[in-house]
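Structural characterization, general
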Amino acid sequence: MTELKVVGKRVERVDVRAKVTGGALYAADVQLAGMLYGKIVRCYDYAHARVTSLDLSEAAKCKGVIKVLGPKDVTQKEYNASVLDMMVSADMRGVLGDIDDQSIFTDHVKHYGDAIAAVIAISEEAAERAAEKIKVTYEELPVYMTAEAAKQADALQFRPEKPGNLAFQLPEMAFPDNAYAWGEVDKSFDEADIIVEDTFYVPKQKQCQMEPGSYIALYDDQERLNCWTSTQMPKLVQKKLANLFELPMTRVRINATVIGGGFGARLGMVLEPETCALAMAVPGRPVKVLSTREEDWVTSPSRHPGKYWMKMGFKKDGTPVACDAKFENYKGAYYVDASGTAFTTGAWLGGMYKFDSLRYRGESYYTNQSICGAFRGYGNPQTNFVMEQMIDRGCAELGVDPIEWRKKWHKGVGDDGWCIGVPYNSCALDECLDRAAEAANWTEKREKYKNQTGTKRRGIGVAVMNHTSGAMPMLLEHTVCDALLHQDATVTLNLACSDMGQGSHTTLRQVAAETLDFAYEDIHIATGNTDAAGFDIGAHASRTLYVGGGAVKQACEDVRRQLFERAALELEEDVDNLYMEDKIIHVKGSSNKSISVQTIADQGVNNFMNPETGELIGQPGQIQGYASFFPPHNAPPFGTTIAEVEVDMETGEVKVLELVNAHDVGRAIHPGVVEGQLDGGAQQGLGMALTEETYYDDKGICQNNSFTDYKMFGPSDMPKMTNILVENPDPTGPFGAKGVGEAGLVPPVGATANAIFNAIGIQILEAPITPEKILKALEDAND
Amino acid sequence: MTSRVMRDFDLLLPESVPEVLELLADHKDNCAILSGGTDLLVALKFDYAVDNVVSLALVPGLDDLSFDPDQGLSIGAKVTIADIVKSQDVKTYYPALWQAAKVFATPQLRNTATVLGNIMRASPAGDCSLALYALGGDLQLKNASGVRDVSLDDFWLSYGVTARQSDELAISLRVPPPTAGQKSAFQRMTRTTEDLSKINAAVSLTMADGVCQSARVAMGCVGPTLIRLPKVEAMLGGAEITEDLLGEVSDMVAAEITPIDDIRSSADYRRKVAGILVRRVINLALTEGNNQ
Amino acid sequence: MKKHAITLTVNGEERDLVVPSNRTLLDALREDLGYTDTKYGCGTGECGACTVLVDGTTSINGCLTLAATMDGASITTAAGLAQDGNLHPVQQAFIDNDAIQCGYCTPGMVLKVVSLLDENPTPTENEIRSGLEGSICRCTGYTKIVEAVQDASNRMAGVGE
Ligand SMILES: Cc1cc2nc3c(=O)[nH]c(=O)nc-3n(C[C@H](O)[C@H](O)[C@H](O)COP(=O)(O)OP(=O)(O)OC[C@H]3O[C@@H](n4cnc5c(N)ncnc54)[C@H](O)[C@@H]3O)c2cc1C
Ligand code: FES
Ligand code: FES
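Everything numeric here is computed off the predicted structure, so don't read it as measured data. (Residues numbered from 1 in each chain as written. Chains lettered and ligands numbered in written order. Predicted model: local features only at pLDDT ≥ 70, side-chain atom pairs only at ≥ 80, totals over all residues. Heavy atoms only, no water.)

Describing the overall build of chain A
Scanning chain A for helices and strands turns up 20 helices and 27 strands. Compactness check: chain A gives a C-alpha radius of gyration of 28 Å against a globular reference of 28 Å for 783 residues, within 12% of the reference. The burial tally for chain A puts 68% of its 783 residues in the buried class. Of all intrachain contacts in chain A linking residues separated by at least 6 positions in sequence, the fraction that spans at least 24 positions is 80%. For chain A, the exposed area adds up to about 25600 Å²; of that, 49% sits on carbon and sulfur atoms. (Helix = DSSP H or I, 4+ residues; strand = E, 2+ residues; numbered from the N terminus. Rg over C-alpha atoms; globule rule 2.2 N^0.38 Å. Buried < 20%, exposed > 50% of the residue type's maximum accessible area, 1.4 Å probe, protein only. Contact = heavy atoms within 4.5 Å. Areas by Shrake-Rupley, 256 points an atom, 1.4 Å probe, with all protein chains shown as cover.)

Here you go:
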C-alpha cells in the first residue's frame, strides 16, 4: 500500500470544539417556538399489576395543562422498540418468532416504571404537577423476576403467543435441537480426561450513558412527524415510527441530535413512540419529553442478566473436546432483543476456541424486570465472564499456563467464526497475547504470585475475545453514502451513520480524505437528517467504521473515478496514464500537462460557454459519488486483556492495579479514537466484573436506578492502562480497519475474574464480584 | 424517584440570625433550614415536602472556623467541608476530622456542603459527623429565647432525628482542644471511591507512655444512628495497645453493633469487617494520628 | 410560590431574571438564560454534568443550588471559558489529548479542571484523579482526561512552550 496521509493520524476530531465550548446541541438543548412539555406517568408502586381505574380528570383541570392522554387516546398499535426485526427478512422474522408486544401506554403494568398515561402542558413544572394528580388504582399481580420463577407452570403468561413465558429460544428450524452446535457433544465428553462445570450469574448492567433520554416531536403543518432524538439508529427509527403511526417514510423525519453516549441504550426506539404520540395529539406544537436519570434507567434497555451454565471437557494434553452451555436470561417485561442476545451470547462462545464439539442453548424468559436489550458487547461480556473462568479452571487442572493454552487453542484464520460457515479471514490474537504478556510481565508475576500469604494478595489473569465488525451475515448490513464535490473542490458526505462519541464521523472523514487524496479539512460529513440521507442500519455491532467506512470509501472512489474520466477527456489522455498529486491531475511523464481538481469541479458546476468560441468550457455536471454498500464480511476483531489485582483477604476488597489490553484492530484509522474505545470499554468491563448490577426487591421494585445507589468505577478506581494496538490489516476493512467499538469492554471482564482467581485460588461465580461475595467464598473455603 | 422540578415551597432569605430565629419560630415544623443544600435539595426532589425553606445564604457571621490551643476548634454553621480540608489547624490537631473531610463526597459538593449540615442530617453514615463524634464536641443551638449547648453524645436520637427543636438554629460546634498524647483517625469503606460509606469508623485515643489512657471509638452504618462502642472503649482504656488486644477488640466490635442490609452492603458483611476496620483505624491513629 | 428577582453575571454578562423559589441554578441557566452548555445528568449531585464555577474558580453543582440564593453571583459556564476566540488551555488540552468522546460530561469536566488547577497548579496523578471524582464520564475511562489535565497543568505553567 502507498503511504497513508490521513489514515493513522491523530487528527482533531470533527466535533470536539463544539463539545468543549458547550455549543454542541443534544436533544434536551433544542428549544423550539411554542414548545410544550410532556410528562409520562409511570407505575412506580408495582412491578406487575393491572390498572383497575384511571382518572385523568383532576390532572386535566390543572393550570397550564393542554391535554391528558390515557391508553385509549393514542394509537392502539403494538410495537417492538428494538430494530432487530428490520435487520432480517420477513421469513426469518417468522422463524425467530419476533413479536410486537409493547404499547404506548398500558393497563397491564409489567415492570417498575411501565407507562400508564401522560400530560402535555405549557411548562415542565405544570406537566409534573398535573401528572401527580392522575389517579391510578391497581390490582397487584404476582411478580416473576427470574427465568426460574417465570417458567413455573402456574405463572401468569405475559403473552399468549409465548407459552411458558419463554420469549425466545433458538428455533428448531434453524438450530436443530434448539442449539447452536457442531460435533457430538455428549460423545465428546466421553473422551475428556478433565471436565469442569458450573452455573454462573451474569448481572444486569446499565449503560449509564451520561445524557438521559430527551426527545422532542412535532407533527407539523405539512402533516409530517418530526422527531429530535439522539438515537443511534436514525433511519431505522424513522421506519419504525412510520410503521407505528402508519405514515409513509416521507412524512417522518428524524433530526438526529448530538448523542451523549449510547452503548446500546439508544439502539432502536426508547421514548420516541411516547413522545411522537403526544405530538400527534397536539398538531402544530412541539412537545418535549425529558427523562430523569431514574426514569431513563428503567425505560431504556439494560444488559441481559441471567443464569449461565457451562461444562467443558479437555484431554490430558489440553485438547478441548467438548463445550456445553446454556444461558437463560431474565429478559424483562417486553420482547425487544430477546432473539438477538440469546443467539449471540453463544456465537461469541462458538467463535473462540477449537472445541471438537460445542452445544449452546439460549433462552429468553419474560420477567417483571425492566427491558433488556443491546449493551456494548451484546452477550459477549456475559460469555467472557463464564467461558474465560472455565478455561482458567481447566488450565489449572491441566497444570498449563493460561496464555500458552489460549495461544494453542483459539480459533484463527480459516476456522469458523462466530457464525458457523463464515470462516475468519484475519486474526492477530497470537501477537496480541505475546505483546500483552510481555508488557504485563506475565511469566514473572504468575510465578511470583504463587503461594502468597498475608492480608493483601495479588493476582494476574488473562482473557481473550473475538467479536465482529457489523452483524453480517446474521443481520442486514447496509449503508448508503453520497459524496458531493463542490465547485471549490471540497466534498460533503451525506450519510446517516451516527457518532455516539466513538469518533466515527472523524474516522469516516479520514477514510474519505485518504480515498480521495484530499486534505482532512476538505471533507464535511452531513448527518442527522433522515430526509436527505440514504439507508443506514445505524450504530451497532461495532460496524460504523467498517460498513459506513466501506460506503464512504466506495462513494469517494466513485468521485475519484469521475474526476479522472473528466481529466482524461480534458487532457486527451488515457485514464491509466494519469495520476494525482496535491489535487492536481497530471499526465505521467509529462510535466506540463495537468488539470486541477478545482478546475474540473468548478467547470462541472459553472459550465459556462466560451463567448469567443461558443463552446462549453470543461465537462458539465456536478460530480457526485454514490455507494449503496453491503460489506463482504465481518472482519473479526480479536483482543486480550491481562489484569492485575490486589485482594484484601480480610475485607474482600479488590483493587485493580493494571490492565494491559492488546487488540487486533486491523488498522487504527485514528489511534486516539481506538485507545479511547479501549479505555472507555475497560471502565465498563471492570464495572460489570466488580460493581455494577441492578437490584430489585422481592416485589420487583428497582433499588438502585440512580448514580447514588449504582456505582461505576470513578477516576480514582481506574487502574493504570496500557493499550497495545496490533495492526494486521483486514482484507475487507476500509484500509484494513476492524470495528473496535465493543471489543474493549469484553476481555477486562474475564481477565479481572481470572486475576481474582489467581490471587485467592477461588472462582466467584456471580458477577459483579463484590467484597461481600469474596469474603463469603473465603470463609466457605476455610470451613 | 426524583422529580426534575422540585416541589413548591417559599424560599425565605433572612439577613441575620435573629431574623432566622423569628422565621423558625413562626413556621416551626413546616420549615427547613437550607445551608449547603446537598441533603435538603435532594430530599425535596424526592418526596420530602415543606412549605418554607429558610436559607442561610445571606446570614453573616456563621462562617467562622477558628482554632485556639486552649479553646479548641469552633466550626460555624456555614463552614464547608472544603474549608475543613483547607485548614492546616484541623489537619494538624484533628486528623480524624481532616481525613473524613478529605474523602467526603466530591470536590463540588465539598465546596457547598457544611459540617453542621452533615451533623443535622443525622445520617448513620455521615463521615464528618463520625469523626467529630470520636473527637467529641458541643453544638450551640439557638432559638429566640436563648442558646443551649448539646453534646454530640446526646444529639442523634434515631435515624434522621436529632435533639434539635424545630425553632432552633445550630450556630456552631465546639470541639475540645487537643490533649497531650491524643491521636485520632478516620477510615471508611465504600463500593467505589466516590460513595457514601458502607461502614466507617473513627477513634480518638489519649496515649501516655505507650498506654491508652482513654478512648472514644465511633462507628457508622451499623445502627440507626452513628454509635459509640462503650465496651471497646473500656477495653482500650488503661491498656497497652498490642496486636493481641486489638484482636480482642476486633471480636468485641461485632457484639456492639446492629447493622442492617441495604443497597450498599449486607448486615452480615458489615458485622464481619467492622472489627477489622476498628483495628485498622486504631493502627492508623497510632501511626499517623498525632495531633501536632 | 414566592418569586425572586435576581441578577446573575454569567460569563461576564449581567443578566436580570425572576425565578420561582424552587428554580435550580441549572434550570435558570438552561431554561431561563439559554446556557444549555450546563447539563442535567442526574439532578442529585453525583455526576457533575451541571458543574459551574462561582467567582471564576469554585466549582459547584448547579442541580443542587437554588438560583434565588445566588443573587449577585458571578457564574462561569463552559461557554465562557474561551477568551477572544482562544480556547482556555484546559479546553485545548482536552482536544489535543483526545479526552472528549460524546462530550456530555465535557463542559462540567473542563470547568472542574479549571478549578482543580487553580487550587493546585501542579497536581500529582493521584490528586488529579481524586479531584475528578464527582464528574462522571462514561466514555473515556478517564485515562485521557487525566493526561489532558497533566498537559493543561504544564501549559499553564508555561512548560514546553
Ligand atoms: C453526591 C453526594 C455525595 C455525598 N457524599 C457524602 C459523603 O461522602 N459523606 C457524607 O457524610 N455525606 C455525603 N453526602 C451528604 C451531604 O453532602 C452531607 O450530609 C452534607 O454535609 C450536608 O450539608 P449541607 O450544608 O449541604 O446540608 P443541607 O442540605 O443544607 O441540610 C441538611 C439538613 O440539616 C439541616 N440544617 C442544615 N444546617 C442547619 C443548621 N445550621 N441548623 C439546623 N439545621 C440545619 C437542614 O434543614 C437539613 O435538614 C453526599 C451527598 C451527595 C448529594
Ligand atoms: S446533574 Fe448535577 S450532579 Fe448530576
Ligand atoms: S465523553 Fe461521554 S461522558 Fe465523558
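Considerations on the sheet that holds strand S23 (residues 590-596) of chain A
Residue and element names in this part refer to chain A. Reading across from one edge, S21-S22-S23 is the order of the 3 strands in this open sheet, with antiparallel pairing throughout. Of all strands in the sheet, those with a lone pairing partner are strand S21 (578-581) and S23, marking the two edges. Strand-to-strand twist of the sheet, defined as the mean angle between neighbouring strand axes without regard to direction, takes the value 35°. Pairing between S21 and strand S22 (residues 584-587): 4 bridges, direction antiparallel. Across the sheet, the residue bridging to Tyr-579 is His-586, located in S22. Helix-sheet contacts for helix H16 (residues 544-571) involve S21, S22 and S23, and the interaxial angle to S21 is about 115°. (Pairing = 2+ DSSP bridges. Axes fitted to C-alpha atoms, helices over the stretch in contact; angles between N-to-C directions.)

With respect to the site of ligand 1
Taken together, 30 residues are adjacent to ligand 1, and Ile33(B), Gly36(B), Thr38(B), Asp39(B) and Thr114(B) come closest. Near ligand 1, residues from chains B and C are present, making the site a shared one. Contact distances for ligand 1 include 2.8 Å between an oxygen atom and a backbone N or O atom of Ser35(B). With respect to ligand 1, the side chain of Asp127(B) contributes an N or O atom lying 2.8 Å from a nitrogen atom. Protein chains shield 93% of the accessible area of ligand 1, which is 980 Å² for the free molecule. Those elements that provide at least two residues to the shell around ligand 1 are strand S2 (31-34), helix H7 (115-121) and strand S10 (169-175) of chain B. At 3 residues, H7(B) tops the list of elements feeding residues into the shell around ligand 1. (Near = heavy atom within 4 Å. Polar contact = N/O pair within 3.5 Å; in protein donor to acceptor, adjacent residues only side chain to side chain.)

Thoughts on the sheet that holds strand S4 (residues 108-109) of chain A
All names here are of chain A. Read from one edge of the open sheet, 3 strands run S4-S2-S6, paired in antiparallel fashion. Each edge of the sheet is formed by a strand with only one pairing partner; in this case those strands are S4 and strand S6 (135-140). Summarising the sheet, strand S2 (residues 49-55) and S6 pair through 6 bridges and their orientation is antiparallel. Note on S6: the bridge partner recorded for Leu-54 is Val-136.

Points about the packing of helix H4 (residues 125-132) of chain C against helix H5 (residues 143-156) of chain C
Residues and elements named next belong to chain C. Here H4 crosses H5 at 115°, and the two axes come no closer than 10 Å. Between H4 and H5 lies a crossing of right-handed hand. Along its contact with H4, which presents Glu-125, Ile-128, Arg-129 and Leu-132, the element H5 presents Ile-145, Val-146, Val-149 and Gln-150. Of the residues belonging to the contact of H4 with H5, the class tally is 5 nonpolar, 1 polar and 2 charged. (Left-handed = near helix turned anticlockwise from the far one by under 90°. Nonpolar A, V, L, I, M, F, W, Y, C, P; charged D, E, K, R; others polar.)

Notes on the packing of helix H10 (residues 338-350) of chain A against helix H11 (residues 380-398) of chain A
Residue and element names in this part refer to chain A. Relative orientation of the contacting elements H10 and H11 amounts to 45°, with a least axis distance of 8 Å. Between H10 and H11, the interaxial angle falls into the category oblique. Judged by the twist between their axes, the crossing of H10 over H11 is right-handed. Residues Thr-341, Thr-345, Trp-348 and Leu-349 of H10 pack against Asn-380, Gln-382, Thr-383 and Met-387 of H11. For the contact of H10 with H11, the per-class residue count stands at 3 nonpolar, 5 polar and no charged. (Parallel < 35°, antiparallel > 145°, perpendicular 65-115°, else oblique.)

Some thoughts on the interface of chain A and chain C
Contact residues are listed per partner, giving 59 residues for chain A and 42 residues for chain C. Surface buried jointly by chain A and chain C totals about 3800 Å² across both partners, of which 52% is contributed by carbon and sulfur atoms. On the chain A side of the contact with chain C, Val20(A), Met210(A) and Pro715(A) bury the most area, a combined 20% of that side's loss. Where chain A touches chain C, the interface holds 6 salt bridges. Across the pair Asp29(A) and Lys39(C) runs a salt bridge whose closest N-O atoms are separated by 2.5 Å. Applying the counting criterion to the chain A and chain C interface returns 29 residue pairs in polar contact (both at pLDDT 80 or more). (Buried area = accessible area lost by both parts, 1.4 Å probe. Salt bridge = Lys/Arg side-chain N within 4 Å of Asp/Glu carboxyl O.)

Focus: the environment of Gln91(C)
Note on placement: Gln91(C) falls in helix H2 (residues 89-96). In sequence terms Gln91(C) and Pro107(C) are 16 residues apart; their C-alpha atoms lie 9.1 Å from each other. Residues in contact with Gln91(C), not counting those within four places in the same chain, are Val20(A), Thr21(A), Ala78(C), Leu81(C) and Ala82(C).

Details of the interface of chain A and chain B
Listed as interface residues are 32 residues of chain A and, on the opposing side, 27 residues of chain B. Overall, the association of chain A and chain B removes approximately 2400 Å² of surface from exposure, summing both partners, and the carbon and sulfur fraction of that is 51%. Of all residues in chain A, Glu650(A), Lys711(A) and Glu772(A) give up the largest surface area on contact with chain B, accounting jointly for 24% of the area buried on that side. Arg129(A) is the partner of Asp8(B) in a salt bridge, and the nearest nitrogen-oxygen pair spans 3.8 Å. The interface formed by chain A and chain B includes 17 residue pairs in polar contact (both at pLDDT 80 or more). Every element with two or more residues in the side of chain A that touches chain B is listed here: helix H4 (124-131) and helix H20 (771-782) of chain A. If you tally residues by element for the side of chain A that touches chain B, the top one is H20(A), at 5 residues. In the side of chain A that touches chain B, the residues fall into 8 nonpolar, 10 polar and 14 charged.

Focus: the pattern of salt bridges
Residue and element names in this part refer to chain A. Across all of its chains, the model carries 71 salt bridges over all chains by this definition. Its salt-bridge partner being Arg-159, residue Glu-78 comes within 2.9 Å of it at the nearest N-O pair. Here Arg-159 lies in the loop between helix H5 (147-150) and strand S7 (166-169) and Glu-78 lies in the loop between strand S3 (65-69) and helix H3 (90-96), a separation of 81 residues in the sequence. The exposure class of Arg-159 is buried, given its relative accessible area of 12%. The partner of Arg-561 in a salt bridge is Glu-565, with the nearest N and O atoms 3.0 Å apart.

Remarks on the packing of aromatic side chains
Under the defined criterion, the tally for this structure stands at 22 aromatic pairs over all chains. Centre to centre, the rings of Phe155(B) and Trp156(B) are 6.3 Å apart; their planes meet at 70°, and the pair counts as edge-to-face. Given a relative accessible area of 0%, Phe155(B) falls into the buried group. Among the residues examined, Trp156(B) registers a relative accessible area of 9% and is labelled buried. Taken together, the ring pairs connect Phe314(A), Tyr353(A), Phe355(A), Trp405(A) and Trp409(A) into an aromatic cluster. Of note, Arg509(A) hangs over the ring of Tyr520(A), and the distance from its end group to the ring centre comes to 4.0 Å. Its guanidinium or amino end placed over the ring of Phe735(A), Lys553(A) lies 5.2 Å from that ring's centre, counting from NZ or CZ. (Phe/Tyr/Trp six-rings, centres within 6.5 Å; stacked < 30°, edge-to-face > 60°. Lys NZ or Arg CZ within 6 Å of the ring centre and 35° of its normal.)

Points about the pairing of S23(A)
All names here are of chain A. In terms of strand pairing, S22 meets S23 through 4 bridges, oriented antiparallel. Following the sheet pairing, His-586 is matched in S23 by Ser-594. Taken together, S22 and the strand that follows it, S23, pair antiparallel across an intervening segment of 2 residues, in which Gly-589 is found at a positive phi of about 75°.

Brief notes about H16(A)
Residue and element names in this part refer to chain A. Its 28 residues give H16 an end-to-end C-alpha distance of 38 Å, which sits within 8% of 40 Å, the value for a rise of 1.5 Å per residue. The element H16 is largely enclosed, with a buried count of 20 among its 28 residues. Trailing H16 by a residue or two, Glu-572 shows a phi angle of about 50°, which is positive. (Expected span 1.5 Å × (residues − 1).)

Brief notes about the nonpolar core
By size, the foremost hydrophobic cluster in this structure holds 205 residues, and its most contacted members are Met310(A), Met312(A), Ile642(A) and Phe94(C). Every residue in contact with Met312(A), bar those within four places of it in the chain, is listed here: Phe189(A), Ile194(A), Ile195(A), Val196(A), Ala322(A), Cys323(A), Phe355(A), Met387(A), Met390(A) and Ile391(A). Among the nonpolar cores identified, the runner-up in size contains 54 residues, and Val20(B), Ala77(B), Leu97(B) and Leu116(B) belong to it. (Core = buried A, V, L, I, M, F, W, Y, C linked by side-chain atoms within 4.5 Å.)

Focus: the domain arrangement of chain A
Residue and element names in this part refer to chain A. What the domain assignment reports for chain A is domain 1 (31-141 + 210-261 + 266-299), domain 2 (306-472 + 633-782) and domain 3 (478-629). Here the C-alpha centre of domain 3 lies 41 Å away from the C-alpha centre of domain 2. Of the residues lining the interface, 22 residues belong to domain 2; the matching set on domain 3 comes to 17 residues. For the pair domain 2 and domain 3, the summed buried area comes to about 1400 Å², and 70% of that belongs to carbon and sulfur atoms. Area buried by domain 2 at its contact with domain 3 is led by Ile-669, Pro-734 and Phe-735, which between them contribute 41% of it. Taken together, domain 2 and domain 3 are joined by 0 salt bridges. Applying the counting criterion to the domain 2 and domain 3 interface returns 5 residue pairs in polar contact (both at pLDDT 80 or more). Taken together, the residues of the side of domain 2 that touches domain 3 break down into 8 nonpolar, 12 polar and 2 charged. (Domains from an automatic or database assignment.)

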